[in-house]
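Coordinate inspection notes
If you want the building blocks of each chain, they are given just below.
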Amino acid sequence: MSSAYELRMKNIWSLPRGELFHGGHNLCAGCTAGTIMRHLLKVAGKDTIVVNATGCVEVSTTPYPYTAWGVPWIHLAFENTAAVASGVEAAINALKLKGQLDPEKEVKVIAIGGDGGTFDIGLQALSGMMERGHNVTYIVYDNEGYMNTGIQRSGATPFGAWTTTTPVGRRIRGEWRRKKDIIGIALAHGIPYAAAANPAYPVDMVQKFEKAIQTEGPSLVHVLMACTTGWRFEPRLGIKVSKLAVETGVWINYEIEEGRLRVTTPVPKRKPVREYLKLQGRFAHLRDFEIEIIQEMVDEQVERINKMVGKQVIGPVDYGGDGKKGA
Amino acid sequence: MVESLEAARAQVPGVARKALSGNKAVAMAVRDLDVDVVAAYPITPQTTMVEAISELIAKGELDAEIIHVESEHSAISAAAGATAVGARSFTATSSQGLALMHEVLHIVSGLRIPTVMAVAMRALSAPISIWNDHSDVMNARDTGWVIYFTSSAQEAYDTLVMAYRIAEDPEVRLPVMVAYDGYVTSHTTEPVVVEGRERVLSFAPKRVTWDKLDPDNPITVGTLASPEYYYEIKYQQHRAMFNALEAARRVEEEFARVFNRRYGLVQTYRAEDAEVALLVTASYWDNARVAVDRTREEGVKAGLVKLRLYRPLPVEELARALGSTGVVGVVDRAISWGLPNAGPLYNEVSTALRDRVGARFQSIVAGIGQRTMLVEDFVKLFKLLYERMRGDRYSGETLFYGVRGA
Amino acid sequence: MSETRLPTWTEVTPGGIVREPGSTLRLDKNGWRVEKPVIDPEKCVRCRLCWIYCPDTAILEVEEPYTNSKGRTYKLTYKVDYDRCKGCGICAEECPVDAIEMVPEEVA
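Fair warning: this is a prediction, and the values are worked out from it, not measured in the lab.

Looking only at helices and strands, chain C has two helices and six strands in total. Across chain C, helices and strands are ordered from the amino to the carboxyl terminus as β-α-β-β-β-β-α-β. Its C-alpha radius of gyration of 18 Å places chain C more than 25% over the 13 Å reference for a compact globule of 108 residues. By principal-axis analysis of the C-alpha atoms, chain C measures approximately 60 × 30 × 25 Å. Expressed as a percentage of its 108 residues, the buried residues of chain C come to 37%. Taking all contacts inside chain C whose residues are at least 6 apart in sequence as the whole, residues at least 24 apart take part in 72%.

Each helix and strand counted, chain B has 13 helices and 16 strands in total. Over its C-alpha trace chain B gives a radius of gyration of 21 Å, about what one expects of a compact globule, namely 22 Å for 406 residues. Projected onto its principal axes, the C-alpha coordinates of chain B cover approximately 70 × 55 × 40 Å. Here chain B holds 406 residues, and 60% of them are scored as buried. Residue pairs at least 24 apart in sequence account for 81% of intrachain contacts in chain B once pairs closer than 6 positions are excluded.

What follows concerns the interface of chain B and chain C. Opposite the 17 residues of chain B that make contact, chain C presents 12 residues. At the level of elements, β9 (220–221) and α9 (230–259) of chain B are the ones that each hand at least two residues to the side of chain B that touches chain C. The element best represented in the side of chain B that touches chain C is α9 of chain B, accounting for four residues. Counted by class, the side of chain B that touches chain C contains eight nonpolar, four polar and five charged residues.

Further remarks concern the nonpolar core. Among soluble globular proteins, nonpolar side chains are generally buried collectively. In this structure, V88 of chain A together with V37, L160, I166, A179 and F382 of chain B are the most contacted members of the largest nonpolar core, which totals 275 residues. Taken together, domain 1 (2–259) and domain 2 (267–400) of chain B each give at least three residues to this core, which thus spans both.

Before going further, it helps to spend a moment on the interface of chain A and chain B. Residue-level contacts link 40 residues of chain A with 40 residues of chain B. When residues of the side of chain A that touches chain B are traced back to their parent elements, those giving at least two are β1 (48–52), β2 (73–74), α3 (81–97) and α5 (123–132) of chain A. Here the side of chain A that touches chain B gets 13 residues from one element, more than from any other, and that element is α3 of chain A. The residue makeup of the side of chain A that touches chain B, split by class, is 24 nonpolar, 12 polar and four charged. As judged from the two bridges shared by β2 of chain A and β9 of chain B, these two strands associate in the parallel manner. The partner of I74 of chain A across the bridge, within β9 of chain B, is V221 of chain B.

Let us now look at the pairing of strand β3 (residues 108–114) of chain A. Each regular strand displays side chains that alternate between the two surfaces of the sheet. All names here are of chain A. With seven of its seven residues buried, β3 lies for the most part within the structure. Here β3 shows no split at all, with K108, I110, I112 and G114 on one side and V109, A111 and G113 on the other all buried. In the sheet, β1 pairs with β3 via five bridges, with the strands oriented parallel. The partner of I49 across the bridge, within β3, is V109.

On to the environment of N306 of chain A. Residues and elements named next belong to chain A. Inspection of the secondary structure assignment puts N306 in helix α11 (residues 288–309). Accessibility expressed as a C-beta count within 10 Å gives 16 for N306, which makes it partly exposed. Residues N306 and K46, 260 residues apart in the sequence, show an inter-C-alpha distance of 38 Å. Sequence-distant contacts of N306, that is, excluding residues within four places in its chain, are made with K311, Q312, V313 and I314.

This part is about the sheet that holds strand β7 (residues 176–181) of chain B. All names here are of chain B. With mixed pairing, seven strands are arranged side by side in an open sheet as β3-β2-β4-β5-β7-β6-β13. For this open sheet the edge positions go to β3 (65–67) and β13 (309–311), each flanked by a neighbour on one side alone. Direction aside, the axes of adjacent strands within the sheet are offset by 20° on average.

This paragraph deals with the domain arrangement of chain B. Residues and elements named next belong to chain B. Taken as a whole, chain B is organised into domain 1 (2–259) and domain 2 (267–400). Relative to domain 2, the C-alpha centre of domain 1 lies at a distance of 27 Å. Counting from both sides, the interface comprises 26 residues of domain 1 and, opposite them, 20 residues of domain 2. Counting only elements with at least two residues in the side of domain 1 that touches domain 2, the list comes to α6 (135–139), β6 (146–150), β7 and α9. Split into classes, the residues belonging to the side of domain 1 that touches domain 2 amount to 16 nonpolar, seven polar and three charged.

In this section: the pairing of strand β4 (residues 89–93) of chain B. Residues and elements named next belong to chain B. Counting buried positions along β4 gives five out of five residues, so the element sits mostly inside the fold. With two bridges joining them, strand β2 (residues 37–39) and β4 adopt parallel strand pairing. Across the sheet, the residue bridging to V37 is S89, located in β4. In this structure, β4 lies alongside strand β5 (residues 116–121), joined through four bridges in parallel fashion.

On to α5 of chain A, then. Within α5 of chain A, burial applies to A125, L126, G128, M129, M130 and R132 of chain A. On its buried face, α5 of chain A sits against α3, α4 (115–120), β4 (137–142) and α6 (182–187) of chain A together with α4 (72–84) of chain B. In the segment just after α5 of chain A, G133 of chain A is the residue with positive phi, at about 80°.

This next bit is on the packing of helix α1 (residues 32–44) of chain A against helix α7 (residues 202–214) of chain A. Any two packed helices are characterised by how steeply their axes cross, that is the angle between the axes, and by the distance between the axes. Residue and element names in this part refer to chain A. Running from N to C, α1 and α7 point in directions that differ by 45°, and their axes come no closer than 9 Å. With respect to each other, α1 and α7 are oriented oblique. Between α1 and α7 lies a crossing whose hand is right-handed. Contacts between α1 and α7 involve H39, L40, V43 and A44 from the first element and P202, M205, V206, F209, E210 and I213 from the second. Split by residue class, the contact of α1 with α7 holds eight nonpolar, one polar and one charged.

This paragraph deals with the sheet that holds strand β7 (residues 254–257) of chain A. Taken in spatial order, the nine strands make up an open sheet running β8(A)-β7(A)-β5(A)-β6(A)-β4(A)-β3(A)-β1(A)-β2(A)-β9(B), and their pairing is mixed. Looking at strand neighbours, the two that pair on one side only are β8 (260–263) of chain A together with β9 of chain B, the edges of this open sheet. Note that β7 of chain A and β8 of chain A share four bridges and pair antiparallel. The partner of Y254 of chain A across the bridge, within β8 of chain A, is V263 of chain A. Sheet strands in contact with α1 of chain A are β1, β3, β4 and β6 (219–224) of chain A, and its direction is about 165° off that of β4 of chain A.

Okay, the packing of α4 of chain B against helix α5 (residues 95–110) of chain B next. Residue and element names in this part refer to chain B. Look at α4 against α5: their axes get within 7 Å of each other, and the N-to-C directions meet at 30°. Between α4 and α5, the angle is such that the two are roughly parallel. For the element pair α4 and α5, the recorded crossing hand is right-handed. Contacts between α4 and α5 involve E72, H73, I76, S77 and A80 on the former and, on the latter, G97, L100, M101, V104, L105 and V108. When the residues that make up the contact of α4 with α5 are grouped by side-chain class, the tally is seven nonpolar, three polar and one charged.

Below, the discussion takes up the environment of V103 of chain C. Residue and element names in this part refer to chain C. Among the structural elements, V103 can be located in strand β6 (residues 100–104). Owing to 13 C-beta atoms within 10 Å, V103 belongs among the partly exposed residues under this scheme. Once residues lying within four places of it in the same chain are set aside, the contact partners of V103 are E35, K36 and V38.

Residue P127 of chain B is bonded to the preceding A126 of chain B through a cis peptide linkage, with omega at 0°. Relative to the elements of secondary structure, P127 of chain B occurs in the loop between β5 and α6. Unusually for a residue other than glycine, I151 of chain A sits at a positive phi of about 65°. Of the residues examined, I151 of chain A has 23 C-beta atoms within 10 Å and is grouped as buried. In this model, Q370 of chain B sits at a positive phi of 65°, which is unusual for a non-glycine residue. You can see Q370 of chain B is positioned in the loop between β15 (360–365) and α13 (375–390). For Q370 of chain B, a count of 19 C-beta atoms within 10 Å gives the class partly exposed.

Rules behind the numbers
- Residues numbered from 1 in each chain as written.
- Chains lettered and ligands numbered in written order.
- Predicted model: local features only at pLDDT ≥ 70, side-chain atom pairs only at ≥ 80, totals over all residues.
- Helix = DSSP H or I, 4+ residues; strand = E, 2+ residues; numbered from the N terminus.
- Rg over C-alpha atoms; globule rule 2.2 N^0.38 Å.
- Buried ≥ 20, exposed ≤ 12 C-beta atoms within 10 Å, placed from the backbone.
- Contact = placed C-beta atoms within 7 Å.
- Nonpolar A, V, L, I, M, F, W, Y, C, P; charged D, E, K, R; others polar.
- Core = buried A, V, L, I, M, F, W, Y, C linked by C-beta atoms within 7 Å.
- Domains from an automatic or database assignment.
- Pairing = 2+ DSSP bridges.
- Axes fitted to C-alpha atoms, helices over the stretch in contact; angles between N-to-C directions.
- Parallel < 35°, antiparallel > 145°, perpendicular 65-115°, else oblique.
- Left-handed = near helix turned anticlockwise from the far one by under 90°.

Right under this line is the structure:
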């Protein structure tokens, strides 16, 4: 597929050594948000203004009088990040027109929100920003719940997941609704670029960041952010869990460029979802029939994506050995 | 107001006098201040202002980006984002719009982002009322904004010009709200002296005096403050309000010198020898002044004091204005629910002046949801206060003027 | 020990703005760990993955040549910045040649 983008990130050696998102922050040990933010800023470079929604990343990276950020950064509230970013972008345009800013100098505007700040409370502002066509790159790091406030469910929490507000008991057995399709919502605004990325696939992720940033107009990158604290896995497993999400088809790395969908990490043979679920304490209560429901949901999702691509880019589940579905 | 009309008639060379409503006068001020970014959401009675701004942009008379936000929450957020980059931003709203902004109002002042907004004041729901009172601004009084109540289209224009000077003062760095009565001022056409961009910008030049988001000098705005730091940051903000008071005094003087229109943070009419006085805000200044004259014709020494700057409260000016008065009726157009004295302004003024003036204060609530207050209503209030003073009969409770059955 | 006087209201920045980019680098994360990663430069194949995945900028990629026992010389050496490292173990987990070992922190 031909692309209008100029990608500098060819492989992992393309990433510059210098950091613009620095260590010493207070993200949990093993929090993959740190990995995502580092590489986002490596791609964006110094001429960037970041607008951050309230959430894990915001609260952990700016403990007064310190900041982890090496670029100008602003945070106002939870639900208005896309609106603040709209104002930042409009101001840059106005000041350039009036010659108060160098019209030749490109300043990128990146909005960052978690799933709560994007799928739920920030959705209206995001919709406005996309509909109005602001030249803003919106990055949603999705840890599938309100982790910063203590693991409450959000509109991004997947079926079956335990959270503190979808606890496991006799009547309720974790989240009983499906995860919201944020990329579908974004695309309904006719935005030129949207993608799903995952830090376990760093080159794919940074290429998507590059494309999103180079896009004229609004773009959105939905990044899976495995959460050691809320998903209940050991801190060392963040990348492994992220990778398994792709290998099982729970998460699909894809992008939509001018309406055309492309799966960027084809998976010829999928692992059973059980492989992904069993590493995470939030799914520990699931019985076989519930795992089967999740498997069917993933199968449906894979089928839908394959249909959109027009060929089988994500293959069938390989149960190995005797091909039985059970444990 | 008489002073400004006379100034208008004086025909300052090169300056246009136009027939403008309050909303349209504000739009002209936004043009003359060369605002860079306007973010606004429609709400009655603010709408005609944003329409006028849109026309000015469409005609090329104002070089600004207009952001057609999807809510007032986003309006103030976008304006704040724009100012954080170093632009001059503006928004405007009324009633529920101001209430929806409420969360962000605190954040903008807390982050010391010097933006300016106009408020065409309107009652809050429920029941829904599109008409005027001050419940919207009273609900925002503790958000850390500098707040002006203005009485005419001319005063709204002039105060907007002053507002940016105060907001952008490096010792202040606080957002400023310029409020006026919905319909009564927002939609009433008056002759307004429009000073033009050159004169306005020489008075309020565009200089970025605050920390801005600049890739060449990266700062972090909107940090997390632990208990070791939060209190000091908030106290500094409190002190900045008093810097704003000093700045407001200076700017008033300079404005009067340059533009030959003088207001003052507190204005008085025949208050020097008044036995009974009313303390009013915004458009009540007009009818109440006529009522002062009529009341005096009937032998009662009435006087009037108008509070123009509401936050920070100009206590010195108020004390001077009310120093010799026997009884002061404080007219509120909002209700502080559940208090025996239900007027928010009453509670503040009577507390601030308790040890400074000898006057007795009486809480009066009027004009709720734009219940009309004509000249004779103010005459009645003056007489009522006079009777109470003579009989030493102070109710100690709010007088709800004009409500049926009370 | 350096004096740790907290700032007065005149010394804090307006609105709690931070004017020193990347200043969290001055915060010491040593106390967060129960295990620390130790990189074996002999086993390390310089694939960069530990540096890529580290959420804490705790893996340093330095231009320091290293010749292993087989006589192969690498231009780069990977080291751990323990002031940043929270001991999550992602680097050890993801190392394709098991060149990183998580070693228990000793209690002083």
